[in-house]
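# Summary of structural features
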Amino acid sequence: MSWGKKEFFPQTPIIFFWQAAAGSRPGGALEAGAGAHYIRSRQPGARPCAETQQPRPNHASRKIPMQRRTLLATGLALLPLPALAQANNQQALLARAETYLNGITTLRARFLQIAQNGGSAEGTAFIARPGRMRFDYDPPEPLLLVASDGQFLYYDRELRQPSIVPVSSTPLAFLLRPRISFGGDIEVMGVQRQGGFLQVTVRRRDAPSEGSLTLVFAEEPMELRQWVVVDSQGRQTRVTLNAIETGMALPRRLFTFNDPSFFDNEGR
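Numbering of residues starts from 1 in each chain and follows the order in which that chain's sequence is written. The predicted nature of this model means local features are confined to residues of pLDDT at least 70 and side-chain atom pairs, given and counted, to a pLDDT of 80 or more, with totals for whole chains, interfaces and linings taken over all residues. No hydrogens and no water enter the side-chain calculation; it runs on all heavy atoms of the structure.

## Regarding the overall build of the chain
Note the threshold: Labels follow the DSSP assignment, with helices taken as runs of H or I lasting at least four residues and strands as runs of E lasting at least two, numbered in each case from the N terminus. We call a residue buried when its accessible area falls under 20% of the maximum for its residue type, exposed when it is over 50%, and partly exposed in between, using a 1.4 Å probe and counting protein chains only. Whether two residues are in contact is decided by their heavy atoms: any pair within 4.5 Å suffices. Per-residue and other accessible areas were derived by the Shrake-Rupley procedure at a 1.4 Å probe size, with only the shown protein chains allowed to occlude residues.
Helix and strand counts for the chain stand at three helices and 11 strands. Going from N to C terminus, the chain has its helices and strands arranged as α-α-β-β-β-β-β-β-β-β-β-β-β-α. Expressed as a percentage of the 268 residues in the chain, the buried residues total 44%. A separation threshold of at least 6 residues defines the contact pool for the chain, and within that pool the share at least 24 residues apart is 54%. Of the accessible surface of the chain, which amounts to about 14800 Å², a share of 52% is contributed by carbon and sulfur atoms.

Here it is as structure tokens:
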């Protein structure tokens, strides 16, 4: 299942969809006013090659010490101790982010969305895990975005025109999974820490050309503050959250767009 094979709504800022083309780059930045910390993606360093030595006569039968043979057998000789510590630290950071995300049942927050061209919009976001999400844009923006029951609704209140696509065609479907894991079909492209923020960049392992999703967390306390969607053409859309609340009851009517009365209640 694809995360997106076309630009569904080219006239509006997109926070959910990949655009199909090659050459996306993972990465992102915290928007000024939302921490004002720039975080650069860092590609993993290349593994140093072993030194090439000239063969020596009469040493073909030289024995390798037992400790060195043990390290070679386990592969640890190829991983310097600082790199091993860094890998362990990265896994601990990812585990902490997973625990936080899986602990979210409901979330409500204000959001600021900034598109690649500088266009911006604000509104209120609702998440009810697993499976449901709603982005209610402030006037004069007429948009309403809702995810529920495996479907994703894009609704223009002015035109009273709905469009529906599979939730799986959206990168933020990752946040709606019953259990979130930075593994399996999800490839972690980078983990960075700076100024009290943790940034995790991921993409679909079986479709790397589709783009990337970067999640930015405040670390103390752990809290999702921003995400950056980079499409397959390298265009970024940033969404920053503030006034975040969790654990409240959210009415199901916010998400049940398959109910015939849903659109009657959403008119302006």
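## Remarks on the sheet that holds strand β8 (residues 197-204)
In plain terms, the rule: Paired strands are those between which DSSP finds at least two bridges. Every angle, taken between N-to-C directions, lies between 0 and 180 degrees, and every axis is a line fitted to C-alpha atoms, over only the stretch in contact when it is a helix.
Strand order in this open sheet of 11 strands is β6-β5-β4-β3-β2-β1-β11-β10-β9-β8-β7, and the pairing throughout is antiparallel. Taken across any chain shown, the strands that pair with only one partner, and hence form the sheet edges, are β6 (161-166) and β7 (186-194). With direction set aside, neighbouring strand axes in the sheet form an average angle of 20 degrees. Pairing of strand β1 (residues 106-114) with strand β11 (residues 236-246) involves seven bridges; the strand directions are antiparallel.

## As for the environment of Thr105
Here Thr105 shows up in the loop between α2 (81-102) and β1. When the C-alpha atoms of Thr105 and Thr246 are compared, they prove to be 7.5 Å apart, with 141 residues separating the residues in sequence. Setting aside anything within four residues of it in sequence, one finds Thr105 in contact with Ile127, Ala128, Arg129 and Gly247.

## Brief notes about the pairing of strand β3 (residues 132-137)
Burial within β3 is extensive, with six of its six residues counted as buried. Alternating residues of β3 divide into Arg132, Arg134 and Asp136 and Met133, Phe135 and Tyr137, and every residue in both groups is buried. Here six bridges tie strand β2 (residues 120-128) to β3, and the two strands are oriented antiparallel to one another. Bridging from a neighbouring strand, Ile127 pairs with Met133 of β3.

## As for the pattern of salt bridges
This is how the line gets drawn: One speaks of a salt bridge when a side-chain nitrogen belonging to Lys or Arg is within 4 Å of a carboxyl oxygen belonging to Asp or Glu.
If you walk through the whole model with that rule in mind, you get 13 salt bridges. With a closest N to O distance of 2.8 Å, Arg177 and Asp185 form a salt bridge. The partly exposed category is assigned to Asp185, whose relative accessible area is 33%. Residue Asp206 pairs with Arg204 through a salt bridge whose shortest N-O separation is 3.4 Å. You can call Asp206 exposed: its relative accessible area is 59%. One salt-bridge network, held together by shared partners, links Arg96, Arg193, Glu219 and Glu220.

Read these as layout, nothing more, since geometry by itself doesn't imply function.
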